[in-house]
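# Architecture and fold: a report
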Amino acid sequence: MSDHTLDHGGAKWRENAGRQENVNEITRRQFLTYTLMGTGGFMVSTLLVPSVRYAVDPLLKKGEEEPYVPVADVSEIGSEPKRFEFTLKVDDAWVKNQQTTYSAWVYKQGSDFVALSPVCKHLGCTVSWNTSPQHPEMFYCPCHGGLYTKDGINVPGTPPRAPLDMYDYKVENGKLYLGPLIQRT
Ligand code: FES
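Residues numbered from 1 in each chain as written. Predicted model: local features only at pLDDT ≥ 70, side-chain atom pairs only at ≥ 80, totals over all residues.

## Observations regarding the confidence of the model for the protein
Let me state the cut-off plainly: Residue-level confidence of the predictor, termed pLDDT, takes values from 0 up to 100. Placing C-beta atoms from the backbone, we regard two residues as in contact once those atoms come within 7 Å.
Per-residue confidence for the protein gives a mean pLDDT of 78, with 64% of residues at or over 70. Considering only residues more than four positions removed or in separate chains, one finds that residues 44-57, a stretch of pLDDT under 50, has 4 contacts.

Written as structure tokens, this is what we have:
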């Protein structure tokens, strides 16, 4: 049984029991493996970053500076949910201080306010209020027919498995400010 290495113009060949194996071939294979792993890793991270961001967003996390933003005059808010948009400066993996628009479904309940995230807890589509003729006076998600009651509680038997998240809020000088997002499970 022979096992020795020959040098052919820079390429090393190993003879082993009549079989020839190019040592550089292994190296190329390893190189390809690493390249594919690197590319795959990049693609996975690209897909994961928005998910991670979804999990830690909407960037109104407790402990951050100025977590409350003015959203509406209190006089604009009634007992029917109304959608208000607001803008935050957001840092993500690529861009710092990016102006990002969020929204909340807001209504008055007695002397309190309710501000719900419009992000469906199934797969993240946007819910709307009272837009399904079959399900009046409910939050409806058009993607897979998710339903929530007015207080954001998911309706059993529809895809969402948790209530809509809710914003903390405060009222100052006749304005409603939204603060940290309270995750509900
Ligand atoms: S994303 Fe809302 S029901 Fe599926």
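Moving on from the coordinates now.
## Describing the sheet that holds strand β10 (residues 146-148)
Selection rule: By definition, two strands form a pair when at least two bridges between them are found by DSSP. The helix count covers DSSP runs of H or I at least four residues long, the strand count covers runs of E at least two residues long, and both are numbered beginning at the N terminus.
The 3 strands lie next to each other as β8-β9-β10, forming an open sheet whose pairing is antiparallel. Each end of this open sheet is capped by a strand with a single partner; those strands are β8 (128-129) and β10. Bridge count between β8 and strand β9 (residues 139-141): 2 bridges; the pairing is antiparallel. Counted as the bridge partner of serine 128 is tyrosine 140 from β9.

## Let's talk about unusual backbone geometry
A positive phi angle, near 55 degrees, is found at asparagine 97, a position not held by glycine. The topology assignment puts asparagine 97 in the loop between β5 (82-90) and β6 (98-109). For glutamate 137, which is not glycine, the phi torsion reads 55 degrees and is therefore positive. Take glutamate 137: it is sitting in the loop between β8 and β9.

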